[in-house]
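A structural walkthrough
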Amino acid sequence: MAAETVPAVAAKGLDAKGHDAKGLDAEGFIEREGSLGHVPPPFRPVVAAARDRVLALFGSRLHSAYLYGSIPRGTARVGRSDLDLLLALNDEPTEADREDVRTLGEALDREFPQIDGVGTLLYSRTLLLSEPERHDMGWFVACLCTPLLGEDLAEHLPRYRPDSLLARETNGDLALLLPRWRERIEAADSDETRRRLVRFMSRHLVRTAFTLVMPRWNGWTSDLAEMAEVFAAYCPERADQVRTAAALGRSPSADTAVLRTYVDDLGPWLAAEYTRVHGTKTPRP
């Protein structure tokens, strides 16, 4: 990694509140991104259908539901972006619940051509508010999720700074993931499966590269291109690889060579550097 400096990453100016526009509030805490008001008009029918069907599926078992990703940020592209949901249940989800959620996602994907897939995270309220998840899924809900239904769990969570603890607990497990990624690459039997793997792994690696240097930059962004540029300012020797990954995260190919590069070169380097700088993620039960 490059020597410790504070590079001149392209200035973003001030936000509407007059704060330095690095995703932080005036006290240096990460501001929550996204809102229902930012959902682009083409995606509003999708969001409405998802809200109604999730409530019908889980009823009183549902504690709360959230949107995350490009749709509530207002950056979704028709026919290219997926619908991302997080559901919190009052009890522990079962395998039958997960199957129901997959079926619901497939139905929404078939019905609404403006989305390219549905990804749904399903957890219990207890897990999301647990101490081990305080700086991982708890932070995710509090800062990256937009309330859609129910009581907002963010009211029970702290505010978060872009520090080394957050970096470690969100992305400090890449070394554990790489063997599973290799298995998924070996099992991929179609261009569509490989394209989805390239998209998923590209985004994961860019986010991990960004959070590696996030405490030094002292800010937050969910924009893949900006994440890559922030990383590049601190680690120029890997800048081109991460910029390419950011581009593939938005417009993925089905190239197996790309996936091999991720698990044989960029991924192992990033995992080792992450452990050196931030340590490893606290083991989960």
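Residues numbered from 1 in each chain as written. Predicted model: local features only at pLDDT ≥ 70, side-chain atom pairs only at ≥ 80, totals over all residues. Heavy atoms only, no water.

Some details on the confidence of the model for the protein chain
Stated formally: The predictor rates its confidence in each residue with pLDDT, a number between 0 and 100. Residue contacts are counted whenever heavy atoms from the two residues lie within 4.5 Å of one another.
Across the protein chain, the average pLDDT comes to 93, with 93% of residues at 70 or higher. Low pLDDT, under 50, characterises residues 1–20; the stretch is placed with 37 contacts to residues that sit more than four places away or in other chains.

Some thoughts on the nonpolar core
Short version of the rule: We define the nonpolar core as a collection of buried residues of types Ala, Val, Leu, Ile, Met, Phe, Trp, Tyr and Cys that are connected through side-chain atoms lying within 4.5 Å of one another. In this scheme, a residue with accessible area under 20% of its type's maximum is buried, one over 50% is exposed, and one in between is partly exposed, where area comes from a 1.4 Å probe on protein chains only. Strands are runs of DSSP state E lasting at least two residues, helices are runs of H or I lasting at least four, and both sets are numbered from the N terminus onward.
L86, W139, F140, W181, W220, F231 and Y262 are the most contacted members of the largest nonpolar core, which has 60 residues in total. Of all the elements, helix α8 (residues 191–217) adds the most residues to this core, at eleven residues. Grouped together as the second largest cluster of nonpolar side chains are 25 residues, A76, L89, F112 and I115 included.

Overview of the environment of S253
Worth spelling out the cut-off: Any N or O atom pair separated by 3.5 Å or less is treated as a polar contact, with the protein-specific requirement of one donor-capable and one acceptor-capable atom, and with residues adjacent in sequence counted only for side-chain atom pairs.
Tracing the chain through its elements places S253 in the loop between α10 (239–250) and α11 (256–278). Each C-alpha atom, one on S253 and one on F58, is 36 Å from the other, the two residues being 195 residues apart in sequence. Those residues in contact with S253, other than ones at most four positions away along the chain, are R194, R195, V198, L248 and V258. Of note is the side chain of S253, whose polar atom sits 3.3 Å from the backbone nitrogen of D255.

Topic: α11
Our working rule: In this analysis, the expected span of each helix is defined as 1.5 Å times one less than the number of residues it contains. Note on bend: at a given residue it equals the angle between the axes fitted to the 7 residues ending there and to the 7 starting there.
Counted at 1.5 Å a residue, the expected span for α11 with its 23 residues is 33 Å, and the 30 Å between its end C-alpha atoms agrees. If you look at α11, its biggest bend is around 45 degrees, right at Y262. Those residues of α11 that are buried lie in contact with α6 (164–171), α7 (174–187), α8, α9 (224–234) and α10. For α11, the N-terminal capping position is held by D255, with its side-chain oxygen 2.9 Å away from the main-chain nitrogen of A257. G279 occupies a position one or two residues after α11 and carries a positive phi of about 85 degrees.

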